[in-house]
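# Tertiary structure, described
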Amino acid sequence: MKKLFRNLMLVAVAALGMASCEDVPAPFVEPGGDEPEVPVVTEITCAEAVALCNELGDGATSFETYVITGYIVDVFANISNGQQSFWISDAKGGAKMVQAYWANLPAGVDAFKVGSQVKITGKLLKYVNASNVVVPEVKNADVEILSEGGDEPVTPGTVVTCAEAATLCNALADGASSEETYTITGYITDVFATVSKGQQSFWMADTKDGGKVIQAYWANLPEGVDAFKVGSQVKITGKLLKYVNPTSGVVVPEVKNATVEIISEGEGGGDEPVPGTAVSCAKAVELCNALADGATSEEAYTISGYITEIISAVSRNQQSFWMADTKDGGQVFQAYWANLPEGVDEFKAGSQVKITGKITKYVKDGNVVPEIKNANVEIISEGEGGNDGGDEGGDEPGTKGGITVSGSTVLLTAEGVAAGDESTLVDLNTFGYGNATAVTTVNAEGCTITFGSGENKTNAPMFYTATKGVRMYANNTVSFTADKTIATITLECDVYNGVTYVGNDTRTLAVNDNVFLLTNAHTETKGGVQMRIKTVKFTFAK
């Protein structure tokens, strides 16, 4: 009977997926939406979980909670905060089917073991990585261990050199992982991330001065080792991944979440990166523009400036932000997933900082973002927080502006600025964003639209194909500026199932120095009414 029920349930899910239409949103839980008081929990196999996950929109989470029974076939992360990550399958020793990402260790269990039969409980997530590979996963799952696996470690892989590993990797399809496990011996030549959750990333080669041949991406630190060091001779074990940079097309041969054995320890370079050439934010942008699209500088730089906007919540002890040479300098240079210093919970707007790393010329949809990825950060003086980039302690909202709502249209007006006939229309559905994609900065014909999380640490503004625009959640922000004086901003918003998504009645507007800052203000950190912006019309002054 239970099997019949499961089969009927899968048929129903498939039928619902086929009955989609252009304006039906992807199946995801609306932040702030009401859920049943007693959630339905359905027991399924790994194969059924994969089928259900594939029916979700990219990046979407299931509404229903599932219990998935299977065997652990790979444990790929060290323990951190009482959690550990692993893959499960319907068969012992089977293929990787569903990923339990940072699953919760049961009370009294020190670590998950390959071969254990388990039940994991949580909501399905259709995670799509940068190479567009779908990973069916359950994040932060609760785990019940039905039978415990053996204590034997995973069988070592086929022994290869770094050069051989790179050749094998290049033979894979773009974004694909090898079926076989390999053990690669070599020397650490560059450590390019700080330690996070018992892991650290580095490059290695067959000789100490052999350059960057293969990358160990978030490799697991061995027991008792605080950090990897340049010059160390190591063995790493895992499956090869042919990672392809989506912007530049550059192939990075790598092993993700490798197990590491240190044969001999190097003299350093892994604990404290060598400071780079000191430059300003403006100079860093100049250096970035001289690079080829998608390229990274050979030299490391230390950039001094002020944090002007926080653009992500904290994840894996990292956070992203914009910086400039002055506190009110706007978005000049981006620190993308910068490493939080020891003892710092989050970055704050207004802080004076130094960031160190290699500059990358990131290009998306023709827009250049000058950035350092995984920068190390030194905080010189701490700001008060917030995302407006204004002077510390300033409470003035700037020049007064007005908000007028008519149906699905929101009109933002600068006080005392007469509108002329010239305008620019920006359609957010024409920039090629994928479904459930976080959106920060949009540039079009001298106009800039910048979305931010604001005080919402959970939900950032996201583009959805069903909306044909960007969804702003409670306390998210959006700013508008242009190279001409703006008189008004007209927002055309989405209507769905009788709800006009023009934001909360408590939304606020500040206009200062030709910058319109709109906040979907709400008394709570979630819920309220989303603002779903489809088009933005800039009307300029006479």
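Scoring rules and cut-offs
- Residues numbered from 1 in each chain as written.
- Predicted model: local features only at pLDDT ≥ 70, side-chain atom pairs only at ≥ 80, totals over all residues.
- Heavy atoms only, no water.
- Helix = DSSP H or I, 4+ residues; strand = E, 2+ residues; numbered from the N terminus.
- Buried < 20%, exposed > 50% of the residue type's maximum accessible area, 1.4 Å probe, protein only.
- Core = buried A, V, L, I, M, F, W, Y, C linked by side-chain atoms within 4.5 Å.
- Contact = heavy atoms within 4.5 Å.
- Pairing = 2+ DSSP bridges.
- Axes fitted to C-alpha atoms, helices over the stretch in contact; angles between N-to-C directions.
- pLDDT = per-residue confidence, 0-100.
- Right-handed = clockwise from strand over helix to strand, strands pointing away.
- Salt bridge = Lys/Arg side-chain N within 4 Å of Asp/Glu carboxyl O.

### Topic: unusual backbone geometry
Of note in the backbone geometry, W337 takes a positive phi value of approximately 50° without being a glycine. In this fold, W337 is placed in strand β18 (residues 333-339). What makes W337 partly exposed here is its relative accessible area of 24%. The phi dihedral of A436 falls on the positive side, at around 60°, and the residue is not glycine. With respect to the secondary-structure elements, A436 resides in the loop between β24 (419-427) and β25 (437-438). Looking at A436, the relative accessible area reads 16%, which means it is buried.

### Considering the nonpolar core
Within the largest apolar cluster, 33 residues are counted, with the highest numbers of intra-cluster contacts made by I449, F480, L491 and F538. When residues of this core are assigned to their parent elements, the largest contribution, five residues, is made by strand β36 (residues 531-541). Non-local contacts of L491, meaning those with residues more than four positions away in its chain, are made with S408, T409, V410, L412, F480, L518, M531, I533, T535 and V536. Of all hydrophobic cores here, the second largest spans 23 residues; its members include V279, V285, L291 and L340.

### Focus: the sheet that holds strand β30 (residues 477-482)
Read across the open sheet, the five strands follow the order β26-β27-β30-β35-β34; overall the sheet is antiparallel. A single partner strand is all that each edge strand has here, and the edge strands are β26 (441-444) and β34 (508-512). Each adjacent strand pair in this sheet contributes to an overall mean axis angle of 15°, direction not counted. Relative to strand β35 (residues 515-519), β34 runs antiparallel, the two sharing five bridges. Residue pairing for β35: L509 is matched across the bridge by L518.

### Regarding the pairing of β35
Taken together, the four bridges between β30 and β35 define a ladder with antiparallel strand orientation. In the sheet register, V478 faces β35, and the bridge partner there is L518. With antiparallel pairing between neighbouring strands as the criterion, β34 and β35 make up a hairpin whose turn holds two residues, including D513 at a positive phi of roughly 50°.

### Notes on the confidence of the model for the protein
Residues shown with low pLDDT carry predicted positions that ought not to be read at fine detail. Across the protein, the average pLDDT comes to 81, with 85% of residues at 70 or higher. Within the protein, helix α1 (residues 2-18) has the poorest average pLDDT of any element, 49, and β36 the best, 95. Taken together, the stretch residues 269-274 has pLDDT below 50 and engages in 13 contacts with residues farther than four places along the chain or on a different chain.

### As for the environment of K542
Considering the arrangement of structural elements, one finds K542 in the segment after β36. Given the relative accessible area of 79%, K542 is considered exposed. Separated by 122 residues in the primary sequence, K542 and G420 have C-alpha atoms spaced 4.0 Å apart. If sequence neighbours within four positions are ignored, K542 has contacts with A418, A419 and G420.

### Some points on the pairing of strand β8 (residues 158-161)
The sheet contact formed by β8 and strand β9 (residues 177-191) spans four bridges and is parallel. Counted as the bridge partner of T158 is Y182 from β9. In terms of handedness, the path from β8 via helix α3 (residues 162-170) over to β9 forms a crossover that is right-handed.

### A closer look at the pattern of salt bridges
Overall, the coordinates contain 13 salt bridges when judged by the stated rule. With its nearest N and O atoms 3.0 Å apart, the salt bridge here joins E382 to K348. Separated by 34 residues along the polypeptide, E382 in the loop between β21 (376-381) and β22 (401-406) and K348 in the loop between β18 and β19 (352-364) bring together distant segments of the chain. Across the pair E422 and K484 runs a salt bridge whose closest N-O atoms are separated by 2.2 Å. A residue pair is termed long-range when its members are at least 10 positions apart, and E422 in strand β24 and K484 in the loop between β30 and β31 (486-493) qualify at 62 residues. A relative accessible area of 43% means that E422 is categorised as partly exposed. By relative accessible area, K484 is classed as partly exposed at 35%.

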